[in-house]
Amino acid sequence: MYKRKRELKLSPSALGDFKTCPRCFWFDKIHGIKNPRGIFPSLPGGMDRQLKKYYDDCRENKTLPLELEDKVPGNLYQNFDDIDRFRSPFGRGLCVTIEGITLTGGLDDLLYDEETKLYSIIDYKTRASEPKEGATEQYYQTQGDCYDLMLNSNGMQTTHKAYFAYYFPNGVKHLRNDVVGVYFKCEPVEISTDPDRALKLSQAAIQCLRSGEMPEPSKDCEMCKHIEKRTAMQDMIEHADEVKSDEQVEKPNPKAPDTEDDIRF
Ligand code: SF4
């Protein structure tokens, strides 16, 4: 049966993990064993902070970032306090309770259209090159669906669209002394979002955690097969060593001398 001392929370990224592999999600949420993330480069974090500041400056000037003009609906949402709260990923901001469990997450920014009175999510992503077709749906659909659900549950009606603004480098220029400018191109990608899909996914994840059973591993992941093979090999080697040492105890070498009398010089 599901036991955990720390309060269990779901996030869009945890639900993304659940979609990819329920077993890895289960190990993380039930036993606190997370997948190793490797070395995380600091550049994306720095870019994210700069972009947040840049969007806040635009908000203060009541303008959209120029690269988004005519590509997204409405303007940046003007309430600074709400935006600060919504950006917090630790439950201070946007959240919804599903079957007693909180789904929460921190979004980057929000658009609001005065004419339609509808909100849309906007999220900025930095990457090495322009996004490939279909990659946004493949990697960020759950994120978009979850924020749509959280906004709707907090009484904010949405366009059911999410905008992912990709910033990727496309040139470097020396500006002055030791200052070099790296230029980024921006390509916003629109995807349709569905709050019901996020709700169903959350319910399935909760059901998985409450079932008390370890779920099957993902069929597409090579890592589990690799671990299984390695564990089997390790067992075989350890077992072979045990058999060898048992044999040495039980079957002494007949040629070996047993007593001092048997020793000949
Ligand atoms: S298949 Fe195994 S290693 Fe791969 S993601 Fe799932 S539990 Fe993790």
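Details of the structure are given in the entry above.
Below, the structure is looked at part by part. (Residues numbered from 1 in each chain as written. Predicted model: local features only at pLDDT ≥ 70, side-chain atom pairs only at ≥ 80, totals over all residues.)

1. Describing the overall build of the protein chain
To be explicit about the condition: The numbering of helices and of strands both runs from the N terminus, where a helix is a DSSP run of H or I of at least 4 residues and a strand a run of E of at least 2. Every C-beta atom is placed from the backbone, and the number of other C-beta atoms within 10 Å of a residue's own sets its class: buried at 20 or more, exposed at 12 or fewer, partly exposed in between.
For the protein chain, the helix and strand inventory stands at seven helices and eight strands. Looking at the protein chain as a whole, 23% of its 265 residues qualify as buried.

2. What to know about the sheet that holds strand E7 (residues 158–176)
To keep things clear, this is the line we draw: Paired strands are those between which DSSP finds at least two bridges. Whether two residues are in contact depends on their C-beta atoms, placed from the backbone: they are in contact if these lie within 7 Å. Note on geometry: axes are C-alpha line fits, over the in-contact stretch for helices, and angles between N-to-C directions span 0 to 180 degrees.
Taken in spatial order, the five strands line up as E2-E5-E6-E7-E8 in an open sheet, and their pairing is mixed. Bordering the open sheet on either side are strand E2 (75–76) and strand E8 (179–192), each of which pairs with just one other strand. Bridging between strand E5 (residues 109–113) and strand E6 (residues 118–126) involves five bridges; their strand directions are antiparallel. Among the inter-strand pairings, Leu110 is bridged to a residue of E6, identified as Ile121. Against the sheet, helix H5 (residues 135–153) engages E6, E7 and E8, with an angle of about 125° to E7.

3. Looking at H5
As a reminder of what qualifies: The span one expects for a helix is its residue count, reduced by one, times 1.5 Å. Think of it this way: the bend at a residue is just the angle between two axes, each fitted to seven residues, one set ending at that residue and the other starting at it.
The end-to-end C-alpha separation of H5 is 27 Å, in line with the 27 Å expected for 19 residues at 1.5 Å each. The sharpest bend along H5 comes to roughly 60°, located at Gln141. Gly155 occupies a position one or two residues after H5 and carries a positive phi of about 80°.

4. Structural notes on unusual backbone geometry
In this structure, Lys62 is a non-glycine residue whose phi angle is positive, near 55°. With respect to the element layout, Lys62 can be found in the loop between helix H3 (43–60) and E2. Despite not being glycine, Asp70 has its phi angle at roughly 65°, a positive value. Tracing the sequence through the fold places Asp70 in the loop between H3 and E2.

5. Observations regarding the packing of helix H2 (residues 22–31) against helix H6 (residues 195–210)
Our working rule: Left-handed describes a crossing whose near helix is turned anticlockwise from the far helix through less than a right angle; right-handed describes the clockwise counterpart. When residues are sorted by character, Ala, Val, Leu, Ile, Met, Phe, Trp, Tyr, Cys and Pro go into the nonpolar class, Asp, Glu, Lys and Arg into the charged class, and all the rest, Gly among them, into the polar class.
Running from amino to carboxyl end, H2 crosses H6 at an angle of 65°, the nearest separation of the two axes being 10 Å. Crossing hand, H2 versus H6: right-handed. For the pair H2 and H6, contact is made by Pro22, Phe25, Trp26, Lys29 and Ile30 and by Ala205, Cys208 and Leu209, respectively. Taken together, the residues that form the contact of H2 with H6 break down as seven nonpolar, no polar and one charged.

6. Some thoughts on the sheet that holds strand E3 (residues 95–98)
With mixed pairing, three strands are arranged side by side in an open sheet as E1-E4-E3. Both outer strands of the open sheet, strand E1 (9–10) and E3, are each paired with one neighbouring strand and no more. Of the pairings in the sheet, the one linking E1 to strand E4 (residues 101–104) comprises two bridges and is parallel in character. Considered in E4, the bridge of Lys9 is made with Thr102. The sheet strands contacting H5 are E3 and E4, and the helix crosses E3 at an angle near 90°. Contacts from H6 reach E1, E3 and E4, with the element oriented near 55° to E3.

7. Considering H3
Note: α-helices contain 3.6 residues per turn, so residues at a spacing of three or four share the same orientation. What counts is decided by this rule: Regarding the arc, it is the one traced by the directions from the helix axis to the C-beta atoms.
Between its terminal C-alpha atoms H3 stretches 26 Å, which fits the 26 Å expected from 18 residues at 1.5 Å a residue. Turning to H3, its buried residues are Leu51, Tyr55 and Arg59. Summarising the axial view, the buried residues of H3 lie within an arc of 80°, below the 170-degree limit, and thus occupy one face. With respect to the buried face of H3, the exposed residues turned more than 90 degrees away are Leu43, Gly46, Arg49, Gln50, Lys53, Asp57 and Glu60.

8. Observations regarding the packing of H5 against H6
Our working rule: Here the angle decides the label: under 35 degrees means roughly parallel, over 145 means roughly antiparallel, 65 to 115 means roughly perpendicular, and every other value means oblique.
At their nearest, the axes of H5 and H6 sit 7 Å apart, and the two run at 100° to each other. Taken together, the axes of H5 and H6 lie roughly perpendicular to each other. Contact residues: Thr142, Asp145, Cys146, Asp148, Leu149 and Asn152 in H5; Pro195, Arg197, Ala198, Leu199 and Leu201 in H6. Residues that form the contact of H5 with H6 fall into these classes: six nonpolar, two polar and three charged.

All we've got here are geometric facts, nothing functional implied.
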